[in-house]
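Chain by chain, the residues run as shown.
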Amino acid sequence: MTESVLCAVDLSNGDHDVPVLKQAARLADLDGAQLDVVTVLPDFGESWVSGFFEAGFHDKAVAEARARLEAMCETALGPDRNATVRHIVATGTAYQEILHTAQEAGTDLIVIGSHRPDLRDYLLGPNAARVVRHSNCSVYVVRP
């Protein structure tokens, strides 16, 4: 029985991940599982890079991402369902943060979309492929 479902979405793709989110909600609802939705902001990388941004930039970016994530969930799932969703904004490398969030939340199932495959990643996008390869729980890949 699934108790926790983690849905990974990329806000930079606009509404492209709405079908992924809806599928994750359907799968969570089958078992009455908790639905967590995560988006990952890129890291500044080297500490010297952060010097090019104004103070508080990261906090503003996280707040904006959280607002966009909550709005996306409310639009896709409705306000009642969205009220039970845990919205998570992480910073770092997408696949690493998705896996870390899943481990911390005790996730039983990760739902992720496949995006823009190129020749070497023909079947899955690079982040989805890494999540599938390295996850300790089941991964459901949605082709939006």
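Look a little higher up for the structure.
Remember, it's a predicted structure, so these values are computed and weren't measured experimentally.

## Things to note about the overall build of the chain
(1) Moving on: Tallying secondary structure elements over the chain gives five helices and five strands in all.
(2) Moving on: Listing every helix and strand of the chain by position from the N terminus yields β-α-β-α-α-β-α-β-α-β.
(3) Moving on: In the chain, which comprises 144 residues, the proportion classed as buried is 44%.
(4) Moving on: The contacts of the chain with a sequence gap of at least 6 include a subset with a gap of at least 24, amounting to 74%.
(5) Moving on: As displayed, the chain offers around 8,300 Å² of accessible surface, 51% of which is attributable to carbon and sulfur atoms.

## Points about the pairing of strand 1 (residues 4-8)
(1) Moving on: The buried fraction of strand 1 amounts to five of the five residues, a majority that puts the element mostly inside the structure.
(2) Moving on: The alternating pattern of strand 1 places S4, L6 and A8 and V5 and C7 on opposite faces, both of which are buried.
(3) Moving on: Bridging between strand 1 and strand 2 (residues 34-41) involves five bridges; their strand directions are parallel. Looking at strand 2, one finds that C7 is bridged to V37.
(4) Moving on: Two elements, strand 1 and strand 4 (residues 109-113), share four bridges in a ladder whose sense is parallel.

## Observations regarding the packing of helix 1 (residues 18-31) against helix 2 (residues 57-77)
(1) Moving on: Running from N to C, helix 1 and helix 2 point in directions that differ by 65 degrees, and their axes come no closer than 10 Å. The angle between helix 1 and helix 2 places the two elements in the roughly perpendicular class. With respect to the hand of their crossing, helix 1 and helix 2 are arranged in right-handed fashion. Between helix 1 and helix 2, the contacting residues are V18, L21, K22 and A25 on the first element and M72, C73, A76 and L77 on the second.
(2) Moving on: Here the contact of helix 1 with helix 2 is composed, by residue class, of seven nonpolar, no polar and one charged.

## Things to note about the pattern of salt bridges
(1) Moving on: Evaluated as defined, the whole model comprises two salt bridges.
(2) Moving on: The salt bridge involving D29 is made with R81; its shortest N-O contact spans 3.0 Å. Here R81 lies in helix 3 (residues 79-82) and D29 lies in helix 1, a separation of 52 residues in the sequence.
(3) Moving on: A residue is classified by how much of its surface remains accessible, and D29, at 45% relative accessible area, is partly exposed.

## Some words on the nonpolar core
(1) Moving on: Ranked by internal contacts, the top residues of the largest apolar core, which has 27 residues, are V5, C7, L21, L35, V37 and V111.
(2) Moving on: Leave out the neighbours within four places in its chain, and L35 touches V5, C7, A24, A25, A28, L77, R81, T84, V85 and R86.
(3) Moving on: V40, A90, Y95 and I110 belong to the second-largest nonpolar core, a separate cluster that totals 14 residues.

## Notes on helix 2
(1) Moving on: With 21 residues, helix 2 extends 30 Å from end C-alpha to end C-alpha; this agrees with the ideal 30 Å at 1.5 Å per step.
(2) Moving on: Those residues of helix 2 that fall on the buried side of the exposure criterion are V62, A65, L69, M72, C73, A76 and L77. Seen end-on, helix 2 carries its buried residues on one side only, within an arc spanning 95 degrees. Counted as exposed and oriented over 90 degrees from the buried face of helix 2: D59, K60, E64 and T75.
(3) Moving on: Following helix 2 by one or two positions, G78 has its phi on the positive side, about 95 degrees.

## Details of the environment of D17
(1) Moving on: Relative to the helices and strands, D17 resides in the loop between strand 1 and helix 1.
(2) Moving on: With 97 residues separating them along the chain, D17 and S114 place their C-alpha atoms 9.4 Å apart.

Parameters at a glance
Residues numbered from 1 in each chain as written. Predicted model: local features only at pLDDT ≥ 70, side-chain atom pairs only at ≥ 80, totals over all residues. Heavy atoms only, no water. Helix = DSSP H or I, 4+ residues; strand = E, 2+ residues; numbered from the N terminus. Buried < 20%, exposed > 50% of the residue type's maximum accessible area, 1.4 Å probe, protein only. Contact = heavy atoms within 4.5 Å. Areas by Shrake-Rupley, 256 points an atom, 1.4 Å probe, with all protein chains shown as cover. Pairing = 2+ DSSP bridges. Axes fitted to C-alpha atoms, helices over the stretch in contact; angles between N-to-C directions. Parallel < 35°, antiparallel > 145°, perpendicular 65-115°, else oblique. Left-handed = near helix turned anticlockwise from the far one by under 90°. Nonpolar A, V, L, I, M, F, W, Y, C, P; charged D, E, K, R; others polar. Salt bridge = Lys/Arg side-chain N within 4 Å of Asp/Glu carboxyl O. Core = buried A, V, L, I, M, F, W, Y, C linked by side-chain atoms within 4.5 Å. Expected span 1.5 Å × (residues − 1). Arc of directions from axis to C-beta.

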